[in-house]
Amino acid sequence: MSAVESVVLLDEEGRAIGVADKAGVHHRDTPLHLAFSCYLFDAAGRLLVTRRALHKKTFPGVWTNSCCGHPAPGEDIVETVRRRVGQELGVRVDDVRLVIPEFRYRAVMPDGVVENEMCPVFVATTAEPICADPDEVEDHEWVDWSQFRSSVLSGSREVSHWCVLQVRALPLDPLTAVARPRDLLPPAAR
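Residues numbered from 1 in each chain as written. Predicted model: local features only at pLDDT ≥ 70, side-chain atom pairs only at ≥ 80, totals over all residues. Heavy atoms only, no water.

J.: Could you clarify how one ought to interpret unusual backbone geometry in this entry?
T.: The bulk of non-glycine residues show a negative phi, and the bulk of peptide bonds are trans. The backbone phi angle of Phe-59 is positive, close to 50°, even though this residue is not glycine. Within the secondary structure, Phe-59 sits in the loop between strand 5 (46-52) and strand 6 (63-64). With a phi close to 50°, Asp-95 is a non-glycine residue in the positive phi region. Within the secondary structure, Asp-95 sits in strand 8 (residues 94-100). The partly exposed category is assigned to Asp-95, whose relative accessible area is 42%. (Helix = DSSP H or I, 4+ residues; strand = E, 2+ residues; numbered from the N terminus. Buried < 20%, exposed > 50% of the residue type's maximum accessible area, 1.4 Å probe, protein only.)

As structure tokens, this is what we get:
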């Protein structure tokens, strides 16, 4: 993998149409690109919630799901989940399962910067203690999934725009959700 991180650009059907430097892809007219979100649970069934680092270009300081990221061109998306969770949170993951293959969203920050992603959602588990990278994660906490879900859906807990949409779409108990077929992923992620 090169030192310059790239994202996979997509057409409206989720097919790869090119690559772009991640550092320059997010702006007021961000092109549609491939990403992922992961909800990481511990052995007690608690969800890891993270606060994005304060210096991040998109949605700094916002509380959100456990980990998000972008597959490198040609990288298997499940391996991307494993790689990014390891880099950001310092843990190995077990039981990585695709739970929402077709998730897509667009979010606009107050300064006009746009996030525009096809972002399959995964659930994973870990038995290791978190050792978060401060360049990625400002803070983190383990929370009860049911309480988190209720507070997000009621609006009493502020989280990222994509996290709200994902929590609405996730099963009542993501840990027992059956993995969805990979052929439902955007073509660029299959």
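J.: Is there a simple way to think about the pattern of salt bridges in this case?
T.: Oppositely charged side chains can pair when the atoms bearing their charge come close. All told, the structure shown has 14 salt bridges when counted by the stated rule. In this structure, Arg-15 engages Asp-11 in a salt bridge whose closest nitrogen and oxygen atoms are separated by 2.9 Å. For Arg-15, a relative accessible area of 44% puts it in the partly exposed group. Notably, a salt bridge pairs Asp-42 with Arg-46, separated by 2.6 Å at the nearest N-O pair. Arg-46 gets classed as partly exposed once you look at its relative accessible area, which sits at 35%. (Salt bridge = Lys/Arg side-chain N within 4 Å of Asp/Glu carboxyl O.)

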